[in-house]
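Fold and geometry: a report
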2 protein chains.
Amino acid sequence: MYNQSRAVIENVYPQINGGSLPIKAVLDEIIPVRSDIVADGHDVVAASLLFKHEKERKWSEARMAHVANDEWSSSFPVTKQGTYVFKIEAWIDYALNWQHGIERKIEDGQHVTSELLEGMEYLQNIIDKANKDEQAYLKELIAYFQDNTSYAKAIEEAVSERLHDIFTQYPEKLLVNESPEFPVYVDRIKARFSTWYEFFPRSSSREPGKHGTFKECEPLLPRIAKMGFDTLYFPPIHPIGEVNRKGKNNTTEAQDGDTGSCWGIGSKYGGHKSIHPELGNEEDFKSLVNAAKALNIEIAMDFALQAAPDHPWVKEHPEWFKWRPDGTVQYAENPPKKYQDILPIYYESKDWKNLWQEMLDTALYWVEEFGIHVFRVDNPHTKPFYFWGWLIGEVKKKHPDVLFLSEAFTKPKVMHQLAKQGFTQSYTYFTWRNTKHEIIEYLEELTQTDQQWFFRPNFWPNTPDINPWALQGGNEAVHLQKYFLAGTLSSNLGIYGPVFEQMQSAALPGKEEYLDSEKFQIRYWDWEQENKLTTLISKINHIRKEQPALQQTNNIRFLSIENDQLLAYYKYDQTRENEILAVVNLDPYYAQNGWVQLPMEDLGMHEGQTIRVHDLITGSSYHWDKEWNFVELHPALPFHLFKIEK
Amino acid sequence: MYNQSRAVIENVYPQINGGSLPIKAVLDEIIPVRSDIVADGHDVVAASLLFKHEKERKWSEARMAHVANDEWSSSFPVTKQGTYVFKIEAWIDYALNWQHGIERKIEDGQHVTSELLEGMEYLQNIIDKANKDEQAYLKELIAYFQDNTSYAKAIEEAVSERLHDIFTQYPEKLLVNESPEFPVYVDRIKARFSTWYEFFPRSSSREPGKHGTFKECEPLLPRIAKMGFDTLYFPPIHPIGEVNRKGKNNTTEAQDGDTGSCWGIGSKYGGHKSIHPELGNEEDFKSLVNAAKALNIEIAMDFALQAAPDHPWVKEHPEWFKWRPDGTVQYAENPPKKYQDILPIYYESKDWKNLWQEMLDTALYWVEEFGIHVFRVDNPHTKPFYFWGWLIGEVKKKHPDVLFLSEAFTKPKVMHQLAKQGFTQSYTYFTWRNTKHEIIEYLEELTQTDQQWFFRPNFWPNTPDINPWALQGGNEAVHLQKYFLAGTLSSNLGIYGPVFEQMQSAALPGKEEYLDSEKFQIRYWDWEQENKLTTLISKINHIRKEQPALQQTNNIRFLSIENDQLLAYYKYDQTRENEILAVVNLDPYYAQNGWVQLPMEDLGMHEGQTIRVHDLITGSSYHWDKEWNFVELHPALPFHLFKIEK
């Protein structure tokens, strides 16, 4: 407990779990760092932020500035993928302290000969570190300080800004104190900005009732690319179990010709490293992946770690499953519910290390053989958290480009823990947030609490698993609002495409489940359909690509607008060069109007200054010279997406 | 990173700085512990709180209960002084999980023969741990479970509460996960509940102008004891420096006969281990300490680590002071201000380890030779934080009864850091909190933020250093209010006694300093004075001793009362057996009335229930049968102190 340091460093942020897990960032972001630093007495405290990429040996240093009330801040850029670490150093700067003291005494008219002699020590200390010019200057000062006849010059230079800068540049860090190290994991930009489209490749056929193939998916790509999507997510493409296969609408008895759930993985045709024969073969899939790449679309695969009863693993690795005393294998259950078409993996297995390794190998297989760099992970919350921490870590060590989306619609702390363990993005409760109050509350939780540092939301208005009440029977306006909100509140969004675009919201009665769900059967879609919704989806997607403020989620401020059906928000990129103001009418039936308050301070505006707000959807512009401005929105086009031009 | 545990433990509270420093408690408190615990899937999670005194080998265990939203809680009692540690264990309870599952299936009408066979494993696992009765029961169950003819009995017992209790009592902690350890420092009760009186022993003489002595202090003790004070704090009693001694009212030139500031410690008569000759000798002081003890009063000494220029340390340990290039010793300064009568200790000294040791020896000297167990530490914020962490730790290792009050009136984070380093109690901003809003805001900060765990407030209406604006020229009502607030908001309080009781608030013009301050001169006081203020101070002190709710600070709720001059609050002890309701009129000139809202839920009351509120000051009682109740308070007696009787 002997520690002679005088500066104490506490409450360093951003960090989660005391630095035992990394916070998240993407390339070229600036990480703002703050800390409390206190020292005894009145001496001048100094502090530095030290940071480096884990592969660098040398720390880079940025001086911290005192903000207020013993809070200090600085920031650093992250320019490489992988893990950065940062820490804080703090010390008493005796040289600056000397200068601060002598300045006050001179102002007070005191004679400071003795103080000048004291100052010599600080000049001598740094003379060897300084450059030639500075050395000459310091030597000159030493001469002045010693010579009574140059007292006037000496006291002028003793308090000079130049000397202050030199002291600041060459600090003598005596009795320096150091914080622990805090990690930052840096991903490629797509981790933060992505636009997902989901469809079932088996529904890609142009012929009703026929099983689609990868070959038939290829011609669908140009339309998806044109609409501005960059990530195409397929539900599992592996062989589908034939034992206990599910029938249409989740019935337990499959009829002849029923395709089963593609999440019931594994059959005599293979398991997680195989392709469902009816979709095509490895070459077809490679061709599709490459065709997509050529259009700047990445194929995201489903990573669903469970097995049908006829999965090859069951025979090859029976110890990876739980066997009951009656000799049968344990199928999935959530008592009293039973899921006989699915066997959960038995993570408590004595052979767990080989099991973990096989899961990792499976992911790496698709990464390395097929160039897959995005996984949507099915139900990650039913597998151990530390397993994910390990698997994601191992994959990213070799392939830092790989991104993982957590499909966990469950309790908040479980979703958060998965994100902390390394999931790049997470599904969210956005799907169920409809009113103004709900949306503001949820966004503030995501962007203004610690969640901003580890939980990267991906906003989906719908998924094959969720046909939300708000969309069931919803009109065009509801769909427009939902897509607009997803795409302008969050920089990551996705839709379960054909169903959403075509507003096919028929549900199983009383459930948030689609009727005739593609999870259990092939559906036929008009893949050429164009309508107002698809036009505006494309428009929103393209605007997102052009406006950096929409490529991040955390910089958002909700604005006052005196109407509960109108939601207004201001978004900006980290440099504040790009600023967006969005207004949405949440009422799908009636026009709504109100007065929106400009965030004058955020905009750096003064009263009476005129700004131009340019609607990126319609092309219209308005000149606003007041803090409060009138807007009216009709359900036919229920939003403004203004670029602010000052 | 291989960790097969399925339960993840996070956000364990109470803790400060990630458990690197202890939270504070006193004997016989119950420490409430909470944590977030999440596990994958739907299995039954179990968790225990483990705790022990540092000197015990074995952990005690208390099972945790799920509260809501993956938050778990439990608590443990602290019954010995010193450091306790606690940690949390969490695991999947496969036995309880099995019982939970079979119960759902039986309810659903499923046949569970196979599940009964599975259950045998869990019965076998614990049979050796169980007691005889339980063993017999378990064997019986095993028989039922295996025998088809006893199926009805088997399923009845499989879901029995008895089996549930046995499983809970003998958990099989497979793949258990463990939190870090978190320390709790337990003090004697006085750390939380103390009533301080301060006077200058040199002003104890019955003869105006004469230097008081310890001998003359002794006869003052019975009155102080009778008033209900339990801690008598003396400013420094050491020899006072003669070089650069300060004159009256802090003038730089002392006149003949000026006594100087007793904080300018050290002269030819000795230093920090000596006694100022004019006060008496060691025997006199011992006699005084013992006389006080006989009246249940502890003498608190001032621990002021600084030296007058003629302190023996300066000659004996010149390296403990900073020497300037001109050969003079560095006196205290806060440029441009100079304090030539004081030399700061040079903690950067090369000889710092010996220096620290001497400071420790000094404290131990008074503890071990004189039985002093309370120190008020002067300006601790001008000495290194880690020095205090070390010194307090070392003293308490040998003498856990010793308490340290931090006299730091400075920036919040500095005050907090001192408390975190181990100061038992701290002076506060209470001295400057006057309005209803200020008081509520400050108390909520002290009692409802993390400060409740490390910062133990001691409320002083005045000190020799602070003659607050609010008391300057203040009438009796102001003094009554202030004392009442100090003594009922906070369980630790103190007054700079003679000045406060006699309402002597003459100030240096424009400053919160006393005119003719005893810091620099002897004052003559009428030590027999009794007035309404002293009567009510005694009354309040005695009520504090009888009402446990007033012996702690953190259990407080402010109540709604529709008058900005009326402040109402509810306080309770940890068991809620003692409940107090206080109402204060903050207006020193006019009567105020209003309606106070009873905390019905906290009181466990239903609408229409009658309670009796018994005013402990006046003896009057009222029966209240409504949620809102009328009160009116006149400045002549500006408070109610109700005991709630249900």
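Residues numbered from 1 in each chain as written. Chains lettered and ligands numbered in written order. Predicted model: local features only at pLDDT ≥ 70, side-chain atom pairs only at ≥ 80, totals over all residues. Heavy atoms only, no water.

1. Comments concerning the relation of the copies chain A and chain B
One copy of the chain maps onto the other through a rotation about an axis followed by a shift along the same axis. As a reminder, the rule being used: A least-squares fit on C-alpha atoms brings the copies together, and the residues used are those whose pLDDT is at least 70 in both copies. Only heavy atoms enter the contact rule, under which two residues are in contact if any of them lie within 4.5 Å.
For the pair chain A and chain B, the best superposition has an RMSD of 0.1 Å and corresponds to a rotation of 180° with a translation of 0.1 Å parallel to the axis. The superposition of one copy onto the other is thereby described by a two-fold rotation axis. Proximity to the rotation axis, assessed at the C-alpha, singles out A:Gly18 in chain A; its C-alpha lies 3.5 Å from the axis. Comparing contact sets, 100% of the residues at the interface of chain A also lie at the interface in chain B, consistent with an isologous, same-surface contact.

2. Topic: the pattern of salt bridges
Residue and element names in this part refer to chain A. Rules: Salt bridge criterion: a side-chain nitrogen from Lys or Arg within 4 Å of a carboxyl oxygen from Asp or Glu. The numbering of helices and of strands both runs from the N terminus, where a helix is a DSSP run of H or I of at least 4 residues and a strand a run of E of at least 2. Burial status follows relative accessibility: with a 1.4 Å probe on protein chains alone, a residue under 20% of its type maximum counts as buried, one over 50% as exposed, and anything between as partly exposed.
Here the structure, examined in full by the defined rule, presents 88 salt bridges over all chains. Between Glu56 and Lys80 there is a salt bridge, with the nearest N and O atoms lying 2.9 Å from each other. You can see Glu56 sitting in the loop between strand E4 (45-53) and strand E5 (60-63) and its partner Lys80 sitting in the loop between strand E7 (71-78) and strand E8 (82-92), a full 24 residues away along the chain. On the accessibility criterion, Glu56 (27% relative accessible area) is partly exposed. Salt-bridge contacts for Glu178 lead to Lys87; the nearest nitrogen and oxygen are separated by 3.4 Å. Here Glu178, found in strand E9 (residues 177-178), pairs with Lys87, found in strand E8; they are 91 residues apart in sequence, far enough to count as distant. Several salt bridges share partner residues, and in doing so they unite Asp302, Arg376, Asp378, Glu407, Asp465, Glu513 and Lys519 into one network.

3. Side note on the interface of chain A and chain B
Filter applied, for reference: Buried area counts how much accessible surface, traced with a 1.4 Å probe, disappears from two parts once they are put together, with both parts' losses summed. Here a polar contact means two N or O atoms within 3.5 Å. Within protein one must be a hydrogen donor candidate and the other an acceptor candidate, and residues neighboring in sequence count only if both atoms are side-chain atoms.
With 64 residues of chain A at the contact, the number on the chain B side is 64 residues. A combined buried area of about 5,600 Å² lies between chain A and chain B, and 54% of that area is made up of carbon and sulfur atoms. Contact with chain B buries area across many residues of chain A, yet A:Tyr2, A:Tyr386 and A:Lys413 alone supply 14% of it, more than any other trio. Along the contact surface separating chain A from chain B lie 14 salt bridges. The partner of B:Asp36 in a salt bridge is A:Lys413, with the nearest N and O atoms 2.9 Å apart. At the boundary of chain A with chain B, the tally comes to 38 residue pairs in polar contact (both at pLDDT 80 or more). If you list the elements that add at least two residues to the side of chain A that touches chain B, you get strand E1 (7-13), strand E3 (29-39), helix H1 (94-107), helix H2 (113-127), strand E15 (332-334), helix H10 (352-370), helix H11 (385-398) and helix H12 (412-420) of chain A.

4. A few points about unusual backbone geometry
Here the residue pair A:Tyr13 and A:Pro14 is connected by a cis peptide bond, since its omega of 5° sits within 30 degrees of zero. In this structure, A:Pro14 sits in the loop between E1 and strand E2 (23-26). The peptide bond linking B:Pro335 to B:Pro336 adopts the cis configuration, its omega dihedral lying at 5°. A positive phi is found at B:Asp70, a non-glycine position, where the angle reads about 65°. Checked against the element boundaries, B:Asp70 lands in the loop between strand E6 (65-68) and strand E7 (71-77). Even without being a glycine, B:Asn250 presents a positive backbone phi close to 65°. Inspection of the secondary structure puts B:Asn250 in the loop between strand E12 (231-233) and helix H8 (282-294).

5. A closer look at the packing of aromatic side chains
The test is simple: Note on ring pairs: Phe, Tyr and Trp rings are taken, using the six-membered ring of Trp, and paired if centres are within 6.5 Å. Classes follow the plane angle, with under 30 degrees stacked, over 60 edge-to-face and the rest tilted. Charge over a ring is defined by NZ of Lys or CZ of Arg lying within 6 Å of the ring centre and within 35 degrees of the ring normal.
In the structure shown here, the tally under the stated rule is 91 aromatic pairs over all chains. Residues B:Tyr570 and B:Tyr572 carry aromatic rings whose centres are separated by 5.2 Å and whose planes lie at 25° to one another, so their mutual orientation is stacked. Residue class for B:Tyr572 comes out buried when judged on its relative accessible area of 6%. The interplanar angle of 75° and the centroid separation of 5.4 Å between the aromatic rings of B:Trp624 and B:Phe642 together place this pair among those described as edge-to-face. Of this pair, B:Trp624 sits in strand E28 (residues 621-624) while B:Phe642 sits in strand E30 (residues 639-645), placing them 18 residues apart in sequence. Judged by its relative accessible area of 6%, B:Trp624 is buried. Following the ring pairs from residue to residue traces out a cluster consisting of A:Phe303, A:Tyr347, A:Trp352, A:Trp356, A:Phe375, A:Phe387, A:Trp388, A:Trp390, A:Phe404 and A:Phe423. Cation over ring: B:Lys420 sits above B:Phe454, and NZ or CZ is 5.1 Å from the ring centre.

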